[in-house]
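Letter by letter, the chains look like this.
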Amino acid sequence: QPRVFSGVQPTGNLHLGNYLGAIVRFVEMQKTHDCIYCVVDLHAITVWQDPAALRTQIREVTAAFLAAGIDPEAHIVFNQSQVSAHAELAWIFNCVARLGWLNRMTQFKEKAGKDRENASVGLYAYPNLMSADILAYRATHVPVGEDQKQHLELARDTAAKFNHDFADSIAALGLGVGDDGFFPQPEPLIQGPATRVMSLRDGSKKMSKSDPSDNSRINLTDDADAIAQKIRRAKTDPEPLPSELDGLKGRPEADNLVGIYAALIGKPKADVLAEFGGAQFSVFKPALADLAVDRLAPVAGKMRELLADPAHIDAVLGRGAERARAIAAPILADVKDIVGLLRSA
Ligand code: AQP
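Residues numbered from 1 in each chain as written. Predicted model: local features only at pLDDT ≥ 70, side-chain atom pairs only at ≥ 80, totals over all residues.

For the chain, an unreviewed UniProt entry supplies the name Tryptophan--tRNA ligase and the organism Methylobrevis albus. Comment text from UniProt for the chain, heading Subcellular location (unreviewed entry), reads "Cytoplasm". UniProt's Subunit (unreviewed entry) comment on the chain is quoted here verbatim: "Homodimer." (UniProt positions renumbered as here; feature names shortened; annotations may be inferred.)

In structure tokens:
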């Protein structure tokens, strides 16, 4: 049975990249898969989070999931720290994954910056926790943005090494499934028109929660004026839009805005160019702003309504955690048996 797992960090400033690259895909996948969607709060604390703000941010991501159309009854929505299997399996994966693998992770290098000696150990080990998130449910499909590709490859390598290192134990206990061994190879689903939404201020950088410039991103909670202003101020070149896709080559900012329009309207970029080819940005930007407001305002409104009742959000997370635990607990118990860790019956 194919199972989807994915997560979003409650690190504040949830933006259009998170929405189009991840959350919209999460909603779509509900039609065809059993889905587990997680607010990954243990990932968030790999960099400093103010405790009071963190609590609000966890509820905000949950509200965004629900407002976008994730159904917490038909599927599972919870926050990571309520299910201890994530942290337990992450420790075992810390002992399976190799230092050399983690040393190659570009996200750590970017986030740690120059002051690497001062980065938290958690930030370094982050990919092993992500492997645990996915494999604690033996999830087979992981919808993510382009930036998570390398981490998914590491999760696949970790699953394969675990299956290989413990092959005899898995066989002796009769816990193998198909050809893979104990863990499946989780498949990244990096698809759709917006796998990498770029900053509005710099077409070579991804739109990111942690960018110090608020003008670089459209936040899900921005009002219509803020959205229009940010799009008006978005960096562009002086040329009009091309009529063909080829004409976007070497024009990262134009490419990004056309990509955002395409993703919001659910059509290919070629269709957008067929409509706006030859138009100046003074024409295209207001059209994009109207479309963005049209698509995001209902989500933001719903989020506000949900956030007015934090007890309801906490109850959704609590129920989701209970159901997540019920899936992960027997898998973790098998892992402990495979590794040779003694547990009382
Ligand atoms: N710019 C983006 N375009 C498309 N998808 C994106 N995602 C993030 N940025 C973009 C996808 O959103 C999901 C959740 O991301 P995350 O919260 O786990 O953290 P992140 O990838 O580190 O996102 P940010 O917003 O860029 O945060 P900071 O600034 O803290 O690094 C993931 O599926 C991600 O691929």
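1. Quick look at the site of the ligand
The ligand sits among 20 residues. The nearest are Gly 17, Gly 21, Gly 145, Ser 208 and Ser 210. If one sorts the elements of the shell around the ligand by residue count, helix H1 (residues 16-29) sits on top with four residues. For the shell around the ligand, the class distribution of residues is six nonpolar, ten polar and four charged. (Near = placed C-beta within 6 Å. Helix = DSSP H or I, 4+ residues; strand = E, 2+ residues; numbered from the N terminus. Nonpolar A, V, L, I, M, F, W, Y, C, P; charged D, E, K, R; others polar.)

2. What about the pairing of strand S2 (residues 34-39)?
Taken across its six residues, S2 has five buried, putting it largely inside the fold. Strand direction decides the pairing type here: strand S1 (residues 3-8) and S2, joined by six bridges, are parallel. Along S2, the bridge assignment pairs Val 4 with Cys 35. Handedness of the crossover joining S1 and S2 through H1: right-handed. Examined bridge by bridge, S2 and strand S3 (residues 76-79) share four bridges and lie parallel to one another. Opposite Val 39, over in S3, you have Asn 79 as the bridge partner. (Buried ≥ 20, exposed ≤ 12 C-beta atoms within 10 Å, placed from the backbone. Pairing = 2+ DSSP bridges. Right-handed = clockwise from strand over helix to strand, strands pointing away.)

3. Some points on the domain arrangement of the chain
For the chain, the domain assignment lists domain 1 (3-189 + 309-339) and domain 2 (214-305). Just the C-alpha atoms count here: the centres of domain 1 and domain 2 sit 31 Å apart. The partner domain 2 presents nine residues to the ten residues of domain 1 that form the contact. Taken together, the elements giving at least two residues each to the side of domain 1 that touches domain 2 come down to H1 and helix H3 (51-68). If you tally residues by element for the side of domain 1 that touches domain 2, the top one is H3, at four residues. The class makeup of the residues in the side of domain 1 that touches domain 2 is eight nonpolar, two polar and no charged. (Domains from an automatic or database assignment. Contact = placed C-beta atoms within 7 Å.)

4. Overview of the nonpolar core
Membership of the largest hydrophobic core comes to 97 residues, with the highest contact counts inside it found for Ile 36, Tyr 37, Ala 64, Leu 89, Ile 260 and Ala 292. It is helix H13 (residues 281-307) that provides the largest number of residues to this core, a total of ten residues. When residues of this core are sorted by domain, at least three fall in each of domain 1 (3-189 + 309-339) and domain 2 (214-305). Not counting the four nearest positions on each side in its chain, Leu 89 is found in contact with Ala 132, Leu 135, Ala 136, Leu 332 and Val 335. (Core = buried A, V, L, I, M, F, W, Y, C linked by C-beta atoms within 7 Å.)

5. What to know about the UniProt feature "binding site: L-tryptophan" (unreviewed entry) in the chain
UniProt feature "binding site: L-tryptophan" (unreviewed entry): in the numbering of this structure it lies at Asp 133. Locating Asp 133 in the fold gives a position in helix H7 (residues 121-135). Here Asp 133 falls in the buried class, since 28 other C-beta atoms lie within 10 Å of it. Excluding residues within four positions of it along the chain, Asp 133 makes contact with Phe 5, Gly 7, Cys 38, Val 40, Gln 80 and His 86.

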